[in-house]
Amino acid sequence: MGPFLQYTVIGLTVGSFYALVALGYTIVYGIVRLINFAQGDLSTLGAFLGWTLLVTFGLQELPLPLALVIAFVIPMLGTAAVNLVILEIAYKPLFNKSLLAILISALACSLILSNGIEWIFGPRIEAYPPSLLPAEGMFLGTVHVTFVQIALVVVSLLLMGTLVAFVQGTTIGTAMRALAVDHDAARLMGINVNQVIRLAFVLGALLAAASGVMLGLYYVQIQFSNGFLLGLRAFTAAVLGGIGNIPGAMAGGMIIGLVESYTTGYLSGKWEDVIVFGVLITVLVIRPVGLFGERVAERM
Amino acid sequence: MSADDLLLTLLIGFLAISLLRGLGYRRLSEDPRFTTWLNRIDRVPYWSRVIAFLAAVALLAYINGDDYFTSVLVSVATYAMLGLGLNIVVGFAGLLDLGYAAFFAIGAYTSALLTTQAHWNFFTTVPLAVLFTGTAGAILGYPTLRLRSDYLAIVTLGFGEMTRVTFNNWDYAGGPNGILQIPFPEIPTFSLAGVSIGYTFQSQFDFLLVGLALLAVAMIFAQHLEHSRLGRGWIAIREDEFAAESVGVPSLRLKLYAYVMGGMWGGLAGAFFATRIGAIDPTSFTFLLSVNVLIVIVLGGTGSLPGVLLGALIVIGLPEVLRTFADQRLLIFGIGLLVIILRLALGIWPRIRRKPQPYYGLEIEEPAKVAAKILVEHQQQMVRRDARHAAAGHRVIEEGEAILEVQGVVQQFGGLRAVDNVTFDVKRGEIFSIIGPNGGGKTTLFNCITGVQKPKAGKILIDGRSVVGLRPHVIAGRGVGRTFQGIRLFKQMAVFENVMVGLYPRHRTMTWQALLHTPGERKDEIRTLEESRRWLGFVGMEHLAGRLATELSYADQRRVEIARALAAHPHLVLFDEPAAGMNPTEKLELDAIIRKIRGLGITVVLIEHDMSLVMRISDRIAVLDHGTLIALGVPADIQEDPAVIEAYLGREDEIPMPRAKGA
Amino acid sequence: MAILEVKDLHVFYGNIEALKGISIQAEQGQIVAILGGNGAGKTTTLRAISGLIRPRAGTVTLDGKNLVGRSAHEIVGLGLCHVPEGRRIFNVLTVDENLNLGGYLIRSKRGLVKERKEAVNALFPRLAERRMQLAGTLSGGEQQMLAIGRAMMSDPKVLMLDEPSLGLAPILARSVLRTVRQIADRGTTVLLVEQNARQALAIAHRAYVIEVGRIVLDGNAADLAKDERVQKAYLGGFEAVAAN
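Residues numbered from 1 in each chain as written. Chains lettered and ligands numbered in written order. Predicted model: local features only at pLDDT ≥ 70, side-chain atom pairs only at ≥ 80, totals over all residues.

Now for the overall build of chain A. When helices and strands are tallied, chain A shows 11 helices and four strands. The principal-axis extents of the C-alpha atoms in chain A amount to approximately 55 × 45 × 35 Å. Burial status across chain A gives 55% buried among its 300 residues. Considering only contacts in chain A between residues 6 or more positions apart, those separated by 24 or more positions represent 79%. (Helix = DSSP H or I, 4+ residues; strand = E, 2+ residues; numbered from the N terminus. Buried ≥ 20, exposed ≤ 12 C-beta atoms within 10 Å, placed from the backbone. Contact = placed C-beta atoms within 7 Å.)

Now for the environment of Ala222 of chain B. Residue and element names in this part refer to chain B. With respect to the helices, strands and loops of the structure, Ala222 is situated in helix H8 (residues 204-226). On the basis of neighbour count, Ala222 is assigned to the buried category, with 24 C-beta atoms found within 10 Å. Taking the C-alpha atoms as reference, Ala222 lies 7.9 Å from Leu305; in sequence the two are 83 residues apart. Filtering out sequence-adjacent residues up to four positions away, Ala222 remains in contact with Leu84, Asn87 and Leu305.

A separate point is the environment of Val164 of chain A. As for its placement among the helices and strands, Val164 of chain A is situated in helix H5 (residues 147-169). Accessibility expressed as a C-beta count within 10 Å gives 15 for Val164 of chain A, which makes it partly exposed.

The next thing to look at is the sheet that holds strand S4 (residues 416-427) of chain B. Neighbouring strands of a sheet are bound in pairs by backbone hydrogen bonds; such pairs are parallel or else antiparallel. Residue and element names in this part refer to chain B. Strand order in the open sheet made by the four strands is S4-S3-S6-S7, with antiparallel pairing throughout. Edge strands, defined here as strands with exactly one partner in the open sheet, are S4 and strand S7 (465-466). Two elements, strand S6 (residues 457-462) and S7, share two bridges in a ladder whose sense is antiparallel. Across the sheet, residue Ile462 finds its bridge partner in S7, namely Arg465. Helix-sheet contacts for helix H16 (residues 442-450) involve strand S3 (402-413), S4 and S6, and the interaxial angle to S4 is about 65°. (Pairing = 2+ DSSP bridges. Axes fitted to C-alpha atoms, helices over the stretch in contact; angles between N-to-C directions.)

So, on to the pairing of strand S8 (residues 189-194) of chain C. Residues and elements named next belong to chain C. Within S8, six of the six residues are buried, which leaves the element mostly enclosed by the surrounding structure. Side chains of S8 alternate between two faces, with Thr189, Leu191 and Val193 and Val190, Leu192 and Glu194 buried alike. Strand direction decides the pairing type here: strand S3 (residues 31-35) and S8, joined by five bridges, are parallel. Among the inter-strand pairings, Ala33 is bridged to a residue of S8, identified as Leu192. The pairing of strand S7 (residues 158-162) with S8 spans five bridges and is parallel.

Residue and element names in this part refer to chain C. Strand order in the open sheet formed by six strands is S6-S7-S8-S3-S9-S10, with mixed pairing between adjacent strands. In this open sheet, the two edge strands, each paired with only one partner strand, are strand S6 (80-83) and strand S10 (214-220). Ignoring strand direction, the axes of neighbouring strands in this sheet form an average angle of 15°. Strand direction decides the pairing type here: S3 and strand S9 (residues 206-211), joined by four bridges, are parallel. From the neighbouring strand, Ile34 faces S9, where its bridge partner is Tyr208.

Take the nonpolar core next. Formed by 380 residues in total, the largest nonpolar core has its most connected members in Leu23 of chain A, Met81, Ala258, Leu268 and Ala563 of chain B together with Ala33 and Leu192 of chain C. No fewer than three residues from each of domain 1 (52-298) and domain 2 (370-649) of chain B sit in this core. Ignoring sequence-local partners within four residues, the contact set of Ala563 of chain B consists of Val499, Trp535, Leu536, Phe538, Val539 and Met541 of chain B. (Core = buried A, V, L, I, M, F, W, Y, C linked by C-beta atoms within 7 Å. Domains from an automatic or database assignment.)

Listed per partner, the contact involves 33 residues of chain A and 33 residues of chain B. Elements with a contribution of two residues or more to the side of chain A that touches chain B: helix H4 (99-121), helix H9 (226-241) and helix H11 (272-286) of chain A. Sort the elements by how many residues they give to the side of chain A that touches chain B and H4 of chain A lands first, with 14 residues. Looking at side-chain class alone, the side of chain A that touches chain B contains 25 nonpolar, five polar and three charged residues. (Nonpolar A, V, L, I, M, F, W, Y, C, P; charged D, E, K, R; others polar.)

All names here are of chain C. Between the first and last C-alpha of helix H6 (residues 140-152) there are 19 Å, a value that for 13 residues agrees with the 18 Å anticipated at 1.5 Å per step. In terms of burial, H6 is largely enclosed, as 11 of its 13 residues are buried. Taken residue by residue, H6 has Glu142, Gln143, Gln144, Met145, Leu146, Ala147, Ile148, Gly149, Arg150, Ala151 and Met152 as its buried positions. Contacts from the buried residues of H6 go to S6, helix H3 (95-102), helix H4 (110-123), helix H5 (125-129), S7 and helix H7 (170-185). (Expected span 1.5 Å × (residues − 1).)

This part is about the confidence of the model for chain C. All names here are of chain C. Taken over all residues, the pLDDT of chain C has a mean of 87, while the share at 70 or more is 93%. The low-confidence segment residues 236-244 (pLDDT under 50) makes 18 contacts with residues lying over four places distant or belonging to another chain. Listed scores for the predicted complex are pTM 0.84 and ipTM 0.88. (pLDDT = per-residue confidence, 0-100.)

See below:
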């Protein structure tokens, strides 16, 4: 029983990061039917921006709460700006063109972003200050949980909760959900569709950046190439839960995190990819709309 | 000239030509001299053009003599092969495949394992590599090809990654180190008439020759496929899967073919790759490779064969030329890719259908001869079909008997009853119209009859056999033709090709015959072409046969759609609002065409809103309102029927509504 | 003074001319019916006015302000609301959320939103009962009420309805149209596209009949209601009408 709970804890922690990035994929896809391949790289960008602030700019010298807040907020804002640029330059002009063209554009953006990060921040593995956060933890039964793990999961859940509250509780959030059904009908309500699309991209980027910083704080080591694998896992999670479905993306993220963790624990790390994709393919074949059903705009 | 300079010149030269071509093409394609010149080129058989071109490339490499330059060309050839394969999957059939590297890997590892472990000769491993790859494609494709296109993208991506990781973890295949010391391809030494013959391909130039030979075969096969019944079926699916299925193209089966065949190409390239590099490991088969191959075909122009070559040249050549910026290579590549896709979403050398005139050298027949021929052919078809029908033990429906029987059909969407217990018969040889106010369930009924939807309850019999639960292409194959509300032609195809797709169920050739373009296949193609021209003549569209479907006016497109529905000699056709959007003259022409169709003995069922047309032309009319059949009879009766009048215009209120203020 | 004026509208779908010079006028507080068979161009006319399609030529003015060229959401802000054919409510959102979206432009004024919602509930009491229900689970008639109620949240000067009686049982259709009358009586101008000619003519002031992109009949609704040509236009073919 012992290792199982331990793996579960790890899986849920990582899963919550995946969930954040998956939400970004799902919100955007639900509205504009586009796989923003750059989403994973946005997370990496957030991680590196956070690292730059903490290490290069010496933010780590400041009192911890202040340092952390800035290390989250600035990367989130910066990444949001980058995602908006990507939207305007690479996606908007291709919106009604072929599916393939926009797919290539998304892949190109991912290439540019990840290699741009390499160019600016360097190809080496960099490290978040390892002594920044307390390493202490506690035992729950036989399971060892660090306070950092708890904190990060709590922060992730808070962020996800805020997003859900926003999307359910505000009128603009409702407008976003409406766009995942019918664009023209939304226009006829006076909704500025372009503006709401921009909002979706901003939200996706904010979440991605936050997850990037958290990954940096959790794993300590970051590298420019992280984005690809992360994006892949997160998109798998989004599809698993049902693309466009917000609770689905959250659940999907957790599930993928758990599957990964159990595979590494019980089998071996090298089979992670195979098992994760195996799970995805099996689910899709049995239930093509994903576990919780999809929510994609029928009429654009 | 250094290798770099040569490469750069080639690249710039090709880019310049293609940009010019893109810019000037519209004007050029109007110029009859240009078309004549194109037609003249067309007369030279494709295979000789391909061989001439590739021989020129080989010559260039030989003269240049630089090993590095030659090896770059070998890489270009390899990527071109991969591009041709993916082109079938993505460019022809429109399937979003992001995991093509898997096929490359399977082919490479199969060949490498056989040559290193079992000591086979390279050339004998090739068929096996191709076979394994094809099998893998079939296994993965079968359950997943029905998924929507974006999901298919992620699933194929997953397959690519899974394959790489599996090879990485498999010790027999060398694990992360892969397979080393893969032997060169060789023709084993043997004696022929006292002369000792044998050769080992080991220099870069040797590999270029092998690679170009394989590429030549691949290109020729691809070209043959494109202009075959299979190729047309693929493009039809890509353009409009729904319409393709309804004219008899089995879409799922063809998607599987595309995925498997495309995959086999990749396997072939993989086998070649393994022996050429001499050592393979999992890092050669990453997602980046799949992306690169995708970029090759999108950049060059999906579906276009010259485009694939160009794309391969750019994707391989450009990073080589930019070697000095090696560190930022991928970044520059990404930026360049973005710029190109934004400006030229169709690719640099897009596949543009030309306007052949006259095509395939066929004679132009006079209208009277056309009509007579069609009538004779049609009658022959009918006799043959009735005979087969009887031989299979089914009853043959005579003129005047019910050819279409709708019994108690119910269709429900959630809580809404779109079709509520509708029963009627359509007799063979009559013109039967279904009318009724908007939202009455008419198109839903059509969808049930043609297999697009399955009714919740009720029976539908065509020719005495039930069609409920059958897929649309099966029903179409049984002799049912259909046109759609809002025209659904295959936009990127020429008019005559659209009609040829309609003949899909009636071909007799197999895929291998198409690949080799055998005389039998050629005859079949010409026969199909003639038939399509005849049907176009029947609807009066023969003079526009070479045009792209999108260039036609709405009414003309409708006529082509009718020709497509008639192409396979159906005995029942269903037209959904054929007169929509036509002016009075066009409607009169439509009237004449429908009568001509009935003159062939084909039963016509119409959904129509134009009352004067309906009243003029129909033998009997059924009226559907709110999903219920409220009247059935001859036009004169329907026009006077109070229930019908009320359905359309509304009832006189018993309780008068208060008059509007100020009215 | 006409609150809505459409002059010589030409709309193309690709190369096909769908509207060939449509001119329509509506005075404030009037109900103007637009009749015609399927595919005649009625829906296209509404879409061109509300900004979903851009006409190639012609003008549309609302209260003197030009609408052509403006985006659809801007036009809503100017006081014109279009309820599209088939209702197009957001079926995964609740009735309440649909209404909130109807009040998107006034979303910052909570009090006003509440007020307008109450007015809508007064118009359609059945909706009030189903506030938290998912819109997709409503019956056809209730969905239509929701669509109109949603439009009324923006308190438009001009309300355009595209076939509100589509797919509704006659009793419900009558009830919906009666409510439309109430709305007009309060001063909202209504442009009503209908296939169900008689009921539309019963509540309208003026009517236009469109066929194949052109206006073939127009005039006083009461007069047209007695006009045999209207019946012919539906059941006998408009060529007979146009020829007269």
